[in-house]
Amino acid sequence: TIYGNLGNLYRDLKQTDKAMECLQRAITLFERDNQSARIAECLSILGTLYADTDQLPKSMVSYARALELAREMGQISTEGILLGELGYLYGRMDDLDKAKHHLDNGERLLRSSDNRAGLVDVLFRRTYVACLERDRTTATTALEEAEAIAKDLGANESSEVIRELKRLNEMIAELDSNSAS
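Only a predicted model underlies this, so the values are computations on that prediction, with no experimental measurement involved.

## Observations concerning the overall build of the chain
At step 1: A tally of regular secondary structure across the chain gives nine helices and zero strands.
At step 2: Taken from the N to the C terminus, the helices and strands of the chain come in the order α-α-α-α-α-α-α-α-α.
At step 3: Since a compact globule built from 181 residues should have a radius of gyration of about 16 Å, the 17 Å found for the chain is in line with a globular shape.
At step 4: For the chain, the spread of C-alpha atoms along the principal axes amounts to about 55 × 35 × 35 Å.
At step 5: For the chain, with 181 residues in total, the buried portion stands at 42%.
At step 6: Pairs at least 24 apart in sequence give 51% of the contacts found in the chain among residues at least 6 apart.
At step 7: Charged side chains in the chain number 23 positive and 31 negative. The centres of these two groups are separated by 3 Å.

This is the structure we're talking about:
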């Protein structure tokens, strides 16, 4: 619908409130027409917008609802990505056991569906959670695998993926400097 497209446009323009409003309208229309895949897509985008604006409980609800729809539709790869997002949110909320549980399940599904781009994202999230736990070994292993896959997929130095790799490498380096003190 036009609202879904407008929601994406406003998101790209960093007009979060307008994006959220359009996405909510799109969801309402898609629900009326029973378009589960489109609903899940809008909910996932909403989940990201809520997370980006530190509205973590709302983000959790959006991602969980999208996950439920992905499961109903048998979309294993989408399910894996959403589990990764939920794992990351649990990490941000300091529930590291739930974070790891969701990340483990997301990673398993993405490996089984051979979604390597999605796997890179989950490995980034695993690196973040491992840094929160001060687990340098897991953080480094996950990040090295993510970097290898990203480069194999054609990520270049200017890509967002490489910027995220550098940010996570800085988090790992901070672990090293804090343990030396």
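## A few points about helix H3 (residues 36-52)
At step 1: Counted at 1.5 Å a residue, the expected span for H3 with its 17 residues is 24 Å, and the 24 Å between its end C-alpha atoms agrees.
At step 2: Residues of H3 that are buried: Ile39, Ala40, Cys42, Leu43, Ile45, Leu46, Gly47, Leu49, Tyr50 and Ala51.
At step 3: Residues of H3 that are buried make contact with helix H1 (2-12), helix H2 (16-32), helix H4 (56-73) and helix H5 (76-92).
At step 4: Just past H3, the residue aspartate 54 takes up positive phi, approximately 60°.

## Thoughts on the packing of H2 against H3
Helix-helix packing is described using two parameters, namely the angle between the two axes and the distance between the axes.
At step 1: Packing of H2 against H3 brings their axes to within 9 Å, and their N-to-C directions diverge by 160°. The pairing of H2 with H3 is recorded here as roughly antiparallel in orientation. Here H2 runs over H3; the crossing is left-handed. Residues Thr16, Ala19, Met20, Leu23, Gln24, Ala26, Ile27, Phe30 and Glu31 of H2 pack against Arg38, Ile39, Cys42, Leu43, Ile45, Leu46, Leu49 and Tyr50 of H3.
At step 2: When its residues are assigned to classes, the contact of H2 with H3 shows 13 nonpolar, two polar and two charged.

## Some points on the confidence of the model for the chain
At step 1: Averaged over every residue, the pLDDT of the chain is 90; the share at 70 or more is 96%.
At step 2: The least confident element of the chain, judged by mean pLDDT, is helix H9 (residues 160-180) at 76; the most confident is helix H6 (residues 96-112) at 98.

## A look at the pattern of salt bridges
At step 1: Under the criterion given, the structure shown has 14 salt bridges.
At step 2: One salt bridge connects arginine 65 with glutamate 31, and the closest N-O pair in it is separated by 2.0 Å. Here arginine 65 is found in helix H4, whereas its partner glutamate 31 is found in helix H2, with 34 residues between them in sequence.
At step 3: Residue glutamate 31 is classed as partly exposed on the basis of its relative accessible area, which comes to 33%.
At step 4: In this structure, arginine 111 engages glutamate 107 in a salt bridge whose closest nitrogen and oxygen atoms are separated by 2.8 Å. You can see arginine 111 and its partner glutamate 107 sitting in helix H6, four residues apart, about one turn around the helix.
At step 5: Judged by its relative accessible area of 14%, glutamate 107 falls in the buried class.
At step 6: Here the salt bridges do not stand alone but share partners, grouping Asp104, Glu107, Arg111, Arg126 and Glu145 into one network.

Cut-offs applied
- Chains are numbered independently. Their residues run from 1 in the order of the written sequence.
- Reporting in this predicted model follows two pLDDT cut-offs: at least 70 for local features of residues, and 80 or more for side-chain atom pairs to be given and counted; totals over whole chains, interfaces and linings ignore these cut-offs and use all residues.
- Side-chain calculation: all heavy atoms of the structure are included, whereas hydrogens and water are not.
- Helix numbers and strand numbers start at the N terminus; a helix is a DSSP run of H or I with at least 4 residues, a strand a run of E with at least 2.
- Only C-alpha atoms enter the radius of gyration; for comparison, a globular chain is expected to reach 2.2 Å times N to the power 0.38, where N is the number of residues.
- Exposure classes here rest on a 1.4 Å probe applied to the protein chains alone. A residue is buried below 20% of its type maximum, exposed above 50%, and partly exposed in between.
- In what follows, residue pairs with any heavy atoms lying within 4.5 Å of each other are defined as contacts.
- As used throughout, the charge tally considers Lys and Arg to be positive and Asp and Glu to be negative, leaving His and the chain termini uncounted.
- We put the charge of a Lys on NZ, of an Arg on CZ, of an Asp on CG and of a Glu on CD.
- The span you would expect from a helix comes to 1.5 Å times its residue count less one.
- Only the contacting stretch of a helix is used when fitting its axis, a line to C-alpha atoms as for every element, and angles between N-to-C directions run 0 to 180 degrees.
- Note on terminology: angles under 35 degrees are roughly parallel, angles over 145 are roughly antiparallel, angles of 65 to 115 are roughly perpendicular, and the others are oblique.
- Crossings are classed by handedness, with left-handed meaning an anticlockwise turn of the near helix from the far one by less than a right angle and right-handed meaning a clockwise turn.
- When residues are sorted by character, Ala, Val, Leu, Ile, Met, Phe, Trp, Tyr, Cys and Pro go into the nonpolar class, Asp, Glu, Lys and Arg into the charged class, and all the rest, Gly among them, into the polar class.
- A score between 0 and 100, pLDDT records how confident the predictor is in each residue.
- The working definition used for a salt bridge is a side-chain nitrogen of Lys or Arg within 4 Å of a carboxyl oxygen of Asp or Glu.

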